[in-house]
4 protein chains.
Amino acid sequence: MSSNTFGKLFRFTTWGESHGPAIGCVIDGCPPNIQLNEKDIQKFLDKRKPGTSKFVTQRKEDDKVIILSGVFNGKTTGTPISLIIWNKDQRSKDYGDIKSKFRPGHADLTYFLKYQNRDYRGGGRSSARETACRVAAGAIARKVIKHLTKKDILIHGAVIQVGEIAINPRNFDWKNTNKNPFFCPDKKIIPIWEEYLDAIRKKGLSVGAKIFVEAKNVPTGLGEPVYSKLDSDLASAMISINAVKGVEIGLGNNSVDITGAENSDELRVNKNKKIIFSSNNSGGILGGISSGQDIQLSVAIKPTSSILKSQKTINDKYKNTNISTRGRHDPCVGIRAVPIVEAMTACVLADHLMRNKAQCG
Amino acid sequence: MSSNTFGKLFRFTTWGESHGPAIGCVIDGCPPNIQLNEKDIQKFLDKRKPGTSKFVTQRKEDDKVIILSGVFNGKTTGTPISLIIWNKDQRSKDYGDIKSKFRPGHADLTYFLKYQNRDYRGGGRSSARETACRVAAGAIARKVIKHLTKKDILIHGAVIQVGEIAINPRNFDWKNTNKNPFFCPDKKIIPIWEEYLDAIRKKGLSVGAKIFVEAKNVPTGLGEPVYSKLDSDLASAMISINAVKGVEIGLGNNSVDITGAENSDELRVNKNKKIIFSSNNSGGILGGISSGQDIQLSVAIKPTSSILKSQKTINDKYKNTNISTRGRHDPCVGIRAVPIVEAMTACVLADHLMRNKAQCG
Amino acid sequence: MSSNTFGKLFRFTTWGESHGPAIGCVIDGCPPNIQLNEKDIQKFLDKRKPGTSKFVTQRKEDDKVIILSGVFNGKTTGTPISLIIWNKDQRSKDYGDIKSKFRPGHADLTYFLKYQNRDYRGGGRSSARETACRVAAGAIARKVIKHLTKKDILIHGAVIQVGEIAINPRNFDWKNTNKNPFFCPDKKIIPIWEEYLDAIRKKGLSVGAKIFVEAKNVPTGLGEPVYSKLDSDLASAMISINAVKGVEIGLGNNSVDITGAENSDELRVNKNKKIIFSSNNSGGILGGISSGQDIQLSVAIKPTSSILKSQKTINDKYKNTNISTRGRHDPCVGIRAVPIVEAMTACVLADHLMRNKAQCG
Amino acid sequence: MSSNTFGKLFRFTTWGESHGPAIGCVIDGCPPNIQLNEKDIQKFLDKRKPGTSKFVTQRKEDDKVIILSGVFNGKTTGTPISLIIWNKDQRSKDYGDIKSKFRPGHADLTYFLKYQNRDYRGGGRSSARETACRVAAGAIARKVIKHLTKKDILIHGAVIQVGEIAINPRNFDWKNTNKNPFFCPDKKIIPIWEEYLDAIRKKGLSVGAKIFVEAKNVPTGLGEPVYSKLDSDLASAMISINAVKGVEIGLGNNSVDITGAENSDELRVNKNKKIIFSSNNSGGILGGISSGQDIQLSVAIKPTSSILKSQKTINDKYKNTNISTRGRHDPCVGIRAVPIVEAMTACVLADHLMRNKAQCG
């Protein structure tokens, strides 16, 4: 993985800035003869799209994807697939404060220090707008997975905590996640989150979130020890998403304070010689290779850095000043991360399916 | 990063099995004219070496490293550096139970499912013995860092939790970490851990651990957004270490339930135009690029999977059976992970120093 | 280098088909703060453009390049530079014969055999139209080279043979190359080539060509032995260009039948301690590393495969048939290869400048 | 491909200097469960071994290979295969002249300029001794090819020209190549070459050579357009071999001066729907993808640079001086290149078989 390219065999390169003319993505290495059209991709982009509820940014973007290459007569050809999404709502030509001031918690300062220049237009390349491209790549990755496995590897995510308020795991029901603006699997917590986030939003504050993602029906054998383990590639994928500050595989941190006997997923075979595990504390990965259990991981997302409250900062002349971010921003960026986390999971799995096929298939 | 190679410009490839004749490592891309001898590497290997206390495996290995290439007249030449460590204590030629049975929680089963073969000799390639090579590479990475930055980027780690017992952060003192068998920074917790782990060991049980690692004096500008961010490469490096199940950057999971105002590291410049942050919740990384603050991260390590207690498992004929692992094993593998976590941090930093120099230097 | 991406640090990814809506290119890893606008790129594209003389294809394309990202306020930002060129003249919607028949000498058959599908629209991805993207990337590579070396590394190419007729090396004068439609450095041969190629064209035939390319003022030390030598990367770059069938470094094939004494470039230092070579048979590269002499290489290009003469072929139903290619085609594709060969040379040099800077700078 | 690693999926990393303690190679990505032992590799190393006739260097090396990892119970496990060859005959501790003087035509000067250090011990890393590792990797590549294709892809090379004297193509018979010290396919030319080379040797001179290599039974579909075409990867592989100055695919340079009609390989299907080509001017590759015809290419190798004749040179203090290389050297290094050229061809094919399987298999 290097800079703006992700993956080894199924790989994609993204480009574009938040307020440039367009963003886009080139997917290379895709197997040929997979049915693909723009709708296949659009439905996932729509899930990530801004402006869908009052809990997410009000930026207006259709996020309409156009396929420019790599597909002919409705099928992938095996050549690079170029996708483009034109930016519509670049809004204010007047960037005001942020033109010269660094927003604390954002990448403004570090991009400036690294590249010695400043693209202040809505965060430029560091904006989460880039993640639309990941979602588009993920839509194609799902197609690749289905093509290669001949079955559905269900990849789905859910928000399991917003700020201080976690769901009740006993109420976890995947059927709920697409029926509310939070991708929340716990029906009972929804009104509580609504009230809580509304208050946060009105105060111009923000909170973090925790997301759980699961992939079901993953074949055994995916992952390349020792430096491209399935979990290390998933971790890299997750932490590369804006605002993600932690990733846990399976039990994760909770495996620290239990004993090896409790943590162990014991093994049995059933009558059909199918392997049955007594539990899935490992999150479906042992020694960096998928075990056939569900892949399960969770990510921690920090609170949105753009807040109304005035904060101490400096400007590009190294003068002390203050900043308060107005305008359209998410009280909890974590919510919109669900389709992105799912997409990155799909991309890692598609890549490793191809890699495993090459060496061990 | 691919399979057994880590890094892009400063990169190393490891090879070897737990009970094969030797393990080794080829470091490629190392800058020339850096003073390097075997002692520079050996001192870090000695820190990781087994058999140093009753809390770690009793396997007897000198772990004596030999440089086979890439160094001439005491300096690196710029050509590949080949390191070899001969395995001494391969012990029992009789592998007993584990010859045919899969140890729960280990990679035995998944390697078998992926590669359709079984190297039962002490875990073969999946053994943590491989990590000696990482430590050796890390020793050279430290030299590279010093060579490129002309200063010491202090990279050090500490065990901050063993099983249920965390240190008291108020007692954290780096000076303690090298004075006890636990790399523990909290003097007061040491006797408690000793008693606790001794009991765990005697019962044939095991527990997990949490490790904190910090790199001080890291230059700004390291990390390549958006898919080779400094934190995503660090996360990948950490999760690639045996038994690591979680990684957190800066505040990590604890950033979820606070507000953006609390999480924000505010900015000021002092009289010397040096940037001062009000806090370091970000762990020294913003937008995937080092900010000049200390890099801080923590990893969660699961309990040792090899335990005395009899566990349900299957054998390579897909028959149900039980297994109990006897012999020399760690009650808490997490302890020995400290030098490994440090080494991987050093390798990521060396690689990104070279990458940043290439594009922005 | 993998599939549709070229280079390691200065790297570009191309996409698009001959008769799709557009072609394009993403350049990643470009150093920041280099002045760049569309004109800088356009002037090289204009040199490669079709339809400029009767000796090259009559396809009408403006080849107008648009920068979509990576440049802000007239300078590169260090983030990916996305370029797009819209296809204008996709001409006949009726592809006639070539819709089902494989053109001998073309990639039609092998793409079909590999990918099990057929993009008959003007060769699809295998069309030399892709090389416009290389020329665009090369224009940026030249800027990078100038930025990094603070001097002009003059990279220029010339056609030194068309079909059976080679230039007279004694008449070689770089000043001529941009004054005739053949990039020919030998003024006297031009009318002969005109007559010769006109006859070839009228007969519906085609011939090959030989191109010489030279890079002056290249710093010493570029190239990474032993598998990314400067010459092996140049060779890979050249052979990747459509229709190139041979590459020679320095004396190339002519070094076979002379003695080591004749082939040797002897060494002297002058008064200023500058190294002077008695000759440049090596083509400026020794052991895969630039020696400071001019980089010199030549490539052999086969005759255009599309010819009027009826040829035996098969169709996609595996039936025997015949084909004769009508329409706009080049009597000698080699002519238009000059800017492409120059561009690939520039890209290899830019990449290796960055790589050398990272390890040895 | 980067520095000391070759290949993408089937990849190997070599290390070691001519007069260091050992040289070696790590093969990563090899499919599991392939029978492999040291003899499988040794037989190819023996073919390349020095000291086998008076026409090649008299250095005495057994070149005995030892497998250190990646093979268990006689089969590859899928984990990295580490090979080591101990250097025996490092001979003179007194390097005499070459300790401070740069040998013209060698990499001495450019390594010094790039790395700012000097490993004068027999050329250090730039020595052709490194190619033993390529031959070892090639032996394993052949096994991989057989494993994946279930058939023999016969890969063989022959010397077709020594200095001024080319073979008569009409006398070409593969059966001869292993029966003479020149890998010569033309029985009648052997005594002529013997006399010719003996004279060259006695005069302390040297000449170049041309090698032809062919791979039969290669499946269709290998090669990844547009930057990892089968021919561009082969060209890169060939030019990376010491002293190679040119590579031609199929007709190569000879395709320049014929017409498209003559150059075209026309197509027919026979009764069994097998594709039959009227000729193989393309060398078995169209558009960078294997066509099913034999892969054919040739390489040009410059005369050995080490010669008895006194040559002008400079030393590492930048003083003018002269050098004459005494001792054991080849009058024609090209001869020993045959097994190396074969090995690199095998490695490229193994890699592309795996790559093609991943995307299109």
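Quick notes on the rules
Residues numbered from 1 in each chain as written. Chains lettered and ligands numbered in written order. Predicted model: local features only at pLDDT ≥ 70, side-chain atom pairs only at ≥ 80, totals over all residues. Heavy atoms only, no water. Helix = DSSP H or I, 4+ residues; strand = E, 2+ residues; numbered from the N terminus. Rg over C-alpha atoms; globule rule 2.2 N^0.38 Å. Buried < 20%, exposed > 50% of the residue type's maximum accessible area, 1.4 Å probe, protein only. Contact = heavy atoms within 4.5 Å. Areas by Shrake-Rupley, 256 points an atom, 1.4 Å probe, with all protein chains shown as cover. Lys, Arg positive; Asp, Glu negative; His and termini not counted. Charge placed at Lys NZ, Arg CZ, Asp CG, Glu CD. Pairing = 2+ DSSP bridges. Axes fitted to C-alpha atoms, helices over the stretch in contact; angles between N-to-C directions. Buried area = accessible area lost by both parts, 1.4 Å probe. Salt bridge = Lys/Arg side-chain N within 4 Å of Asp/Glu carboxyl O. Polar contact = N/O pair within 3.5 Å; in protein donor to acceptor, adjacent residues only side chain to side chain. Nonpolar A, V, L, I, M, F, W, Y, C, P; charged D, E, K, R; others polar. Least-squares fit on C-alpha atoms with pLDDT ≥ 70 in both. Left-handed = near helix turned anticlockwise from the far one by under 90°. Expected span 1.5 Å × (residues − 1). Disulfide = S-S within 2.5 Å.

(A) Summary view of the overall build of chain A. Helices and strands together make up the secondary structure of chain A, namely 7 helices and 18 strands. Radius of gyration (C-alpha) of chain A: 21 Å, near the 21 Å computed for a compact globule of 361 residues. Referenced to the eigenvectors of the C-alpha coordinate spread, the extents of chain A come out at roughly 70 × 50 × 35 Å. Within chain A, the proportion of its 361 residues that are buried is 71%. Expressed as a percentage of contacts within chain A between residues at least 6 apart in sequence, the contacts between residues at least 24 apart total 70%. Within the structure as shown, chain A displays about 11800 Å² of accessible surface, and the carbon and sulfur contribution to it stands at 49%. One way to put it: in chain A the 55 positive side-chain charges average out to a point 3 Å from where the 35 negative ones average out.

(B) Fine view of the sheet that holds strand E3 (residues 22–28) of chain A. All names here are of chain A. Read from one edge of the open sheet, 5 strands run E1-E2-E3-E7-E4, paired in antiparallel fashion. On the outer flanks of this sheet lie strand E1 (5–6) and strand E4 (65–67), each paired with one strand and no other. Of the pairings in the sheet, the one linking strand E2 (residues 11–16) to E3 comprises 6 bridges and is antiparallel in character. Note on E3: the bridge partner recorded for Gly 16 is Ile 23. Lying on the sheet, helix H3 (residues 131–149) is in contact with E2, E3 and strand E7 (81–86); it crosses E3 at an angle near 30°.

(C) Summary view of the interface of chain B and chain A. Taken together, the 104 residues of chain B in the interface contact 104 residues of chain A. Looking only at chain B, the three residues that lose the most surface to chain A are Lys114(B), Tyr227(B) and Lys245(B), adding up to 11% of its buried area. Inspection of the region where chain B meets chain A yields 0 salt bridges. Across the chain B-chain A interface, the total number found is 49 residue pairs in polar contact (both at pLDDT 80 or more). Of the residues forming the side of chain B that touches chain A, the biggest block, 6 residues, is contributed by helix H2 (residues 108–115) of chain B. Residue composition of the side of chain B that touches chain A, by class: 39 nonpolar, 42 polar and 23 charged. Bridging between strand E11 (residues 244–249) of chain A and strand E11 (residues 244–249) of chain B involves 3 bridges; their strand directions are antiparallel. Counted as the bridge partner of Val247(A) is Val247(B) from E11(B).

(D) Representation of the relation of the copies chain B and chain A. Superposition record for chain B on chain A: RMSD 0.0 Å, screw rotation 180°, translation along axis 0.0 Å. Here the two chains are linked by the operation of a two-fold rotation axis. Closest to the rotation axis within chain B is the C-alpha of Ser236(B), separated from it by 2.4 Å.

(E) Quick look at the pattern of salt bridges. Scanning the model with the defined rule gives 96 salt bridges over all chains in all. Arg129(C) serves as the salt-bridge partner of Asp63(C), at 2.8 Å between the closest nitrogen and oxygen. Residue Asp63(C) is located in the loop between helix H1 (38–48) and strand E4 (65–67), and its partner Arg129(C) is located in the loop between helix H2 (108–115) and helix H3 (131–149); the two are separated by 66 residues in the primary sequence. Note on accessibility: Asp63(C) and Arg129(C) belong to one class, buried. Residue Asp294(C) is joined to Lys216(C) by a salt bridge in which the shortest nitrogen-to-oxygen separation is 3.0 Å. Of this pair, Asp294(C) sits in the loop between strand E15 (289–290) and strand E16 (295–301) while Lys216(C) sits in the loop between strand E10 (209–215) and helix H5 (230–239), and the two are 78 residues apart along the sequence. Linked through salt bridges whose partners overlap, the residues forming this network are Glu224(A), Asp233(A), Asp351(A) and Arg355(A).

(F) Structural view of the sheet that holds E16(C). Pairing within the open sheet is antiparallel, and its 10 strands lie in the order E9(C)-E8(C)-E10(C)-E16(C)-E11(C)-E11(D)-E16(D)-E10(D)-E8(D)-E9(D). Edge positions in the sheet fall to strand E9 (165–166) of chain C together with strand E9 (165–166) of chain D, since each has one partner strand and no second. Across 7 bridges, the pairing between E10(C) and E16(C) is antiparallel. Bridging across to E16(C), Ala215(C) finds its partner in Ile295(C). In the packing of helix H7 (residues 338–360) of chain C onto the sheet, contacts are made with strand E8 (155–162), E10 and E16 of chain C, and the angle to E8(C) comes to roughly 140°. Across the face of the sheet, helix H7 (residues 338–360) of chain D comes into contact with strand E8 (155–162), strand E10 (209–215) and strand E16 (295–301) of chain D while running at roughly 140° to E8(D).

(G) Spotlight on unusual backbone geometry. Backbone torsion omega between Pro225(B) and Val226(B) reads 5°, so that peptide bond is classified as cis. Position of Val226(B) relative to the elements: it lies in the loop between strand E10 (209–215) and helix H5 (230–239). For Asn33(B), which is not a glycine, the phi torsion comes out positive at approximately 70°. Relative to the assigned elements, Asn33(B) resides in the loop between strand E3 (22–28) and helix H1 (38–48). For Asn33(B), a relative accessible area of 26% translates into the label partly exposed. With a phi angle near 60°, Lys150(D) is a residue other than glycine that sits in the positive phi range. Within the fold, Lys150(D) resides in the loop between helix H3 (131–149) and E8. By relative accessible area, Lys150(D) is classed as exposed at 67%.

(H) Structural context of the interface of chain D and chain B. On the chain B side, the residues contacting the 37 residues of chain D number 37 residues. Where chain D abuts chain B, roughly 2900 Å² becomes buried across the two surfaces, and 58% of that area is made up of carbon and sulfur atoms. When residues of chain D are sorted by the area they lose upon contact with chain B, Trp15(D), Leu68(D) and Phe72(D) head the list and together hold 21% of the total. Where chain D meets chain B, there are 0 salt bridges. If you look at where chain D meets chain B, you find 14 residue pairs in polar contact (both at pLDDT 80 or more). Of all the secondary-structure elements, those providing two or more residues to the side of chain D that touches chain B are strand E2 (11–16), strand E3 (22–28), strand E7 (81–86) and helix H2 (108–115) of chain D.

(I) Quick peek at H2(C). In terms of burial, H2(C) is a largely internal element, 8 of the 8 residues being buried. Those residues of H2(C) lying buried are Asp108(C), Leu109(C), Thr110(C), Tyr111(C), Phe112(C), Leu113(C), Lys114(C) and Tyr115(C). Considering only its buried residues, H2(C) is in contact with strand E12 (267–269), strand E13 (275–277), strand E14 (285–286), strand E15 (289–290) and H7 of chain D. Looking one or two residues beyond H2(C), the residue adopting positive phi is Gln116(C), at roughly 60°.

(J) Structural context of the relation of the copies chain D and chain B. At an RMSD of 0.0 Å, chain D and chain B line up after a rotation of 180° and a shift of 0.0 Å along the axis. A share of 100% of interface residues in chain D that are also interface residues in chain B marks the association as one of identical surfaces.

(K) Representation of the pairing of E8(C). Residues and elements named next belong to chain C. With 8 of 8 residues buried, E8 lies mostly within the body of the structure. When E8 meets E10, the two strands line up antiparallel, connected through 7 bridges. Paired with Gln 161 across the two strands is Lys 210, which belongs to E10. Strand direction decides the pairing type here: E8 and E9, joined by 2 bridges, are antiparallel. Of the residues in E9, the one forming a bridge with Gln 161 is Ala 166.

(L) Representation of the packing of helix H5 (residues 230–239) of chain D against H7(D). Residues and elements named next belong to chain D. The contact between H5 and H7 brings their axes to 9 Å, and the two run at 145°. In the crossing of H5 with H7, the sense of the turn from one axis to the other is right-handed. Where H5 abuts H7, its residues Leu 230, Asp 233, Leu 234, Ala 237 and Met 238 lie against Val 341, Met 344, Thr 345, Val 348, Leu 349, His 352 and Arg 355. Residues that form the contact of H5 with H7 fall into these classes: 8 nonpolar, 2 polar and 2 charged.

(M) Examining H7(C) more closely. In this model H7(C) runs 32 Å from its N-terminal to its C-terminal C-alpha over 23 residues, within 8% of the 33 Å that 1.5 Å per residue would give. Of all 23 residues making up H7(C), 22 are buried, and the element is well covered by its neighbours.

(N) Broad picture of the state of the cysteines. Applying the stated criterion across every chain yields a total of 0 disulfides over all chains. In this structure Cys360(A) is not part of a disulfide, and its nearest cysteine sulfur, from Cys30(D), lies 10 Å away. The exposure class of Cys360(A) is partly exposed, given its relative accessible area of 22%. The thiol of Cys332(B) is unpaired, and the distance to the nearest cysteine sulfur, on Cys184(B), comes to 12 Å. Residue classification places Cys332(B) among the buried residues on the basis of a relative accessible area of 0%.

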